[in-house]
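Overview (structure and organization)
Here is what each chain is made of, one letter per residue.
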Amino acid sequence: MSEFESVITRGMTPVSEERREKAVLVGVDRPGASWPLASSLAELERLVDTAGADVAAVTTQKLDAPNPRTFVGSGKAEEVAELARAHAADLVVFDDELTPSQQSNLEKVVGKDVKVIDRTALILDIFALHATSKEGRLQVRLAQNEYLLPRLRGMWAHLASNRMGGGVGSRFGEGESQLEVDRRMVRKRITSIRRELKHLAEVRAIQRESRYESGMFKVALAGYTNAGKSSLLNRLTNADVLAYDKLFATLDSTTRKFELPEGREITVTDTVGFIQKLPTTLIEAFKSTLDEITGADLVLHVVDASSDEYEAQIAAVEDVLGQIEAQDLLRVLVFNKCDLLDGEQCGALKARHPQAQFVSAATGEGIAELVGHVARVASAQDEHLDVVIPYNRGDLVSVAHERCHILSEKHEEDGTHLVMLAAPSFAGLFRPYAAEKDR
């Protein structure tokens, strides 16, 4: 199975190698598509570039429904094969997910020297390149193996065809035997990875629970890939999270503390970016990472203001948030990269989305306003408390300074007199020390 360890071992060449592969892109224009075909193919080209290949040619076909045998029509499949030969292409990339049989049939048409992959396989390959943590690598490996399992038959068809003639022993040919062995290996690997991921998810849940019990207000950054979430986290918290102008530059969630102007500490978590046609296997595999979103008090939905397709990107993110049952969380639209817009464009965007925040993580524009808005949301549920903390409970005074918003503080005979705003999770600590009514 070594040659099939990765879904794309028959796919992309690593970026580090000097020779970049050549790719032919294939798109199908279908009625009712949520994205214009040109925009979807432009994004596919960026994905191919991120994975380490160059686009040699692009071809499209208008269809009411995909061809069940070759996805595109048989004539278009032959044209794709000709394009691949003419450009000495190494691979053909389809913009939509192919069924195992479609992929197998297309490989027969284009020839064994040209690899045929789809958008899902391409995204899996990019995730494999960029996963750095143990959990991230396992999540990618799980998605890869789940993608690989139904495609094993085509890989061993040549062995089966050699052995499956009539006669004694034909019912247990070498190819079929090897196929079943490999299926068991992949299933066993999937089970093992899931077990390990479950353990890591439990560890992550304990860490997450400790943050919840701390009473800190939790903010999660969500958004389309390359919207600038990591850059925004770096700008807010002076973090050193990797931030490249690449799709899926970062996959692993990162949490940092951030102090609001009134002194209260909150947490801000950067999460994996979304994309249109995001494979369901990846959403499931990254469930524990995406739980960072579902456990947040506020989700900042970061949008690339400079993208022509920002509305479709917003819809794609909302769709995934619905899949992970995070659609009811309090959310704020944050349009990033506003420095790339002129005054008229920015004004039109603000008129269209009056409740949104408009920032530039690159220049710092609008960051103070965003922080102020987060502070107002964080304090919206706070309880107004007037308390006198005995001097022997200095620990509570420290908690008040670290976790609450102090409005006034006086040192009196009976203790430290505080007037403050406290989150519901902390208010119970201070209620027993409520000041007298005439104080």
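Right above here is the structure, for reference.
Source: prediction; values computed, not measured.

Our next topic: the environment of Glu402. Mapped onto the fold, Glu402 is located in helix H15 (residues 394-403). For the pair Glu402 and Arg264, spaced 138 residues apart in the sequence, the C-alpha separation amounts to 5.7 Å. Non-local contacts of Glu402, meaning those with residues more than four positions away in its chain, are made with Gly263, Arg264 and Glu265.

Given a rise of 1.5 Å per residue, 13 residues ought to cover 18 Å, and the 18 Å separating the end C-alpha atoms of helix H2 (residues 74-86) matches this to within 8%. Along H2, the positions that sit buried rather than exposed are Lys76, Ala77, Val80, Ala81 and Ala84. End-on, the buried residues of H2 take up no more than an arc of 150°, which puts them together on one face. Buried residues along H2 sit in contact with strand S1 (21-29), strand S2 (53-62), strand S3 (91-94) and helix H3 (100-110). Where H2 ends, the next residue or the one after it, Ala88, has phi of about 50°, a positive value.

The subject of this paragraph is the pairing of strand S6 (residues 254-259). As paired strands, S6 and strand S7 (residues 265-270) are joined by six bridges and run antiparallel to one another. In the sheet register, Arg256 faces S7, and the bridge partner there is Val268. What sits between the antiparallel neighbours S6 and S7 is a turn of five residues, in which Gly263 has the positive phi angle 105°.

Definitions and limits used
Residues numbered from 1 in each chain as written. Predicted model: local features only at pLDDT ≥ 70, side-chain atom pairs only at ≥ 80, totals over all residues. Heavy atoms only, no water. Helix = DSSP H or I, 4+ residues; strand = E, 2+ residues; numbered from the N terminus. Contact = heavy atoms within 4.5 Å. Expected span 1.5 Å × (residues − 1). Buried < 20%, exposed > 50% of the residue type's maximum accessible area, 1.4 Å probe, protein only. Arc of directions from axis to C-beta. Pairing = 2+ DSSP bridges.

Structural measurements only, silent on function.
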